[in-house]
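Reading the structure
For reference, the chains in residue letters:
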Amino acid sequence: MYTHVVRVNKESEYRFETGETAVTVTVRSGHAEVFGAEAAVGASYVFAPHTKAAFFTWHGAELAVVGEPESGYVAGETPMPTYANVHGALQTLRGEASTKAELTGPVVVVAGPTDVGKSSLCKILVNFAIREGAAPLFVDLDVGQGGITVPGMLGALILERPFEIETGAPDGSPPLVYFYGHASPGANAAFFERMLDKVAGEARELFALNDEVRAAGAVINTCGWIEGDGLRLLKETIAKFQADIVLVLDSDRLTQELTSTFKDTPSTTVVKLAKSGGVVTRSATFRRSARSSKMKDYFYGPHRDLAPAATTIYFRDVQIYRVGADEVAPLSALPIGVEAAAEPVVVSKVTPSNELRSCILAVSYAQSEDELLDANIAGFLHVQDVQVDKAKMMVLAPSQGELPGQFLLVSDVQWFAD
Ligand code: ATP
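Residues numbered from 1 in each chain as written. Predicted model: local features only at pLDDT ≥ 70, side-chain atom pairs only at ≥ 80, totals over all residues. Heavy atoms only, no water.

The name that an unreviewed UniProt entry assigns to the chain is Protein CLP1 homolog, with the source organism given as Thecamonas trahens ATCC 50062. Here is the UniProt Subcellular location (unreviewed entry) comment for the chain, exactly as written: "Nucleus". (UniProt positions renumbered as here; feature names shortened; annotations may be inferred.)

**Some remarks on the overall build of the chain**
For the chain, the count of helices and strands is seven helices and 24 strands. Taking 22 Å as the expected radius of gyration for a compact globule of 418 residues, we find that the chain reaches 22 Å, a close match to that expectation. Its C-alpha atoms give the chain principal-axis dimensions of roughly 65 × 60 × 45 Å. Expressed as a percentage of the 418 residues in the chain, the buried residues total 51%. Put simply, of all contacts in the chain between residues at least 6 apart along the chain, 72% involve residues at least 24 apart. Carbon together with sulfur atoms contributes 50% to the accessible area of the chain, which is approximately 18800 Å² in total. For the chain, the distance from the average position of its 35 positive side-chain charges to the average position of its 51 negative side-chain charges is 3 Å. (Helix = DSSP H or I, 4+ residues; strand = E, 2+ residues; numbered from the N terminus. Rg over C-alpha atoms; globule rule 2.2 N^0.38 Å. Buried < 20%, exposed > 50% of the residue type's maximum accessible area, 1.4 Å probe, protein only. Contact = heavy atoms within 4.5 Å. Areas by Shrake-Rupley, 256 points an atom, 1.4 Å probe, with all protein chains shown as cover. Lys, Arg positive; Asp, Glu negative; His and termini not counted. Charge placed at Lys NZ, Arg CZ, Asp CG, Glu CD.)

**A short note on the sheet that holds strand 8 (residues 61-66)**
Across the sheet, which stays open at both edges, the four strands sit in the order 1-8-3-6 with antiparallel pairing between neighbours. This sheet does not close on itself; its edge strands, each paired only once, are strand 1 (3-8) and strand 6 (44-47). Neighbour-to-neighbour, the strand axes of this sheet turn through a mean angle of 25°, independent of strand direction. As paired elements, strand 1 and strand 8 share six bridges and run antiparallel to each other. Directly across from Arg7, in strand 8, lies its bridge partner Glu62. (Pairing = 2+ DSSP bridges. Axes fitted to C-alpha atoms, helices over the stretch in contact; angles between N-to-C directions.)

**Digging into the UniProt feature "binding site: ATP" (unreviewed entry) in the chain**
The positions UniProt marks with the feature "binding site: ATP" (unreviewed entry) are Glu13, Lys52, Asp115, Val116, Gly117, Lys118, Ser119 and Ser120. For Val116, the position within the fold is in the loop between strand 10 (107-111) and helix 2 (118-131). Setting aside its immediate chain neighbours within four residues, Val116 contacts Leu249, Asp250, Lys275 and Val279. Structurally, Lys118 can be placed in helix 2. Dropping the residues within four chain positions of it, Lys118 is found in contact with Val110, Ala111, Gly112, Pro113, Asn221, Thr222, Cys223, Gly224 and Leu249.

**A look at the site of the ligand**
The local shell around the ligand holds 21 residues, among which Lys52, Asp115, Ser119, Ser120 and Arg282 are the closest. Asp115 places a main-chain nitrogen or oxygen 2.8 Å from an oxygen atom of the ligand. Val280 places a polar main-chain atom, nitrogen or oxygen, 3.1 Å from an oxygen atom of the ligand. For the ligand, the accessible surface in isolation is 630 Å², of which the surrounding protein chains cover 93%. Listing elements by their share of the shell around the ligand, those giving two or more residues are strand 2 (12-17), strand 7 (52-57) and helix 2. Along the lines of polarity and charge, the residues of the shell around the ligand split into six nonpolar, seven polar and eight charged. (Near = heavy atom within 4 Å. Polar contact = N/O pair within 3.5 Å; in protein donor to acceptor, adjacent residues only side chain to side chain. Nonpolar A, V, L, I, M, F, W, Y, C, P; charged D, E, K, R; others polar.)

Pasting the structure below:
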């Protein structure tokens, strides 16, 4: 096996991308961290195929790299010192909030175009906070990626430990998961907005209930769609979460736009930050396969150590719904000059058919149809086969046993398992 030793000088990082095979990195000496999570000296970290990451060091480190990364180099210029300064400012605010019950720690929204390192910056800020004993709320609104659960959902959790080094998975309280059902906020903007209200409300409730989280505040990841409706939804996000700080990565135009929108909101400060030269641009194909591997992570675990169960579900035992616009008249059906009404947020019952094959079904905690839009999600099922004549379907479930609810929501983000 190909092994080489990489020496990384202070305030530099070893950036690498794995190809078709895994790569193992061990910190032989010194101190290094991955997106702010400290790597233990002597421990071996195995990075799965198609992973992009960096080992950064403040004071110097020696790494042993086993395997054949597709690319790997040491970069001396990184924005980490700036990100550490931002963290320092956030810690000051957290310190103040911990002594005054009427204050909330910093609510930080991370924004910017696609592939500028938004998720990575969120991880860095959360990991830095955890290293200092703070337990911030992490909210992921980037529905295309699935940073907390399967793609297509919104999620929030209180991190108790840093994000996992090898997989980037968050590690903390069981996440609060909210159904959305699309990989882009624009697919059903009205529903996305409604869910923003819901998640922001629950974040405020959490702050009211948990003093530690209140003082630590929140770090909120957003999606990279910042044009038209995407920009509007980003502004809604900032307003609904009452963000104190908006960190904009790599976009003067977005910084300008948000600064001018929130100029009369003195409690919201917009700050532009440089993106890291290590951030890798991902193609549409890569994103699709990343989504697929996130689905696999959910059922089989990021380390592939979970054993999901193939289960049969009879149609009589569940009620399947879709959220959306089924009842909106198609544009062609409207008289000329009449604008389509804003897409109503409705749930409609789905008659099980072969179309459900490969779909992800979210198991809702709802007790009735009326609660469907607001109830949290207990977990997910993957439809593997539908036998309409026998009124049943075969699904993959995280575990054997009774479903935690009978109301299921169909997501538009399908998974074609390999
Ligand atoms: P999206 O458009 O999907 O929201 P993003 O802006 O959140 O993307 P990230 O996911 O943070 O961007 O980064 C893009 C990719 O670059 C990821 O695979 C990440 O692991 C990688 N990356 C980020 N920073 C570095 C770095 N310093 N060195 C190497 N790889 C990096």
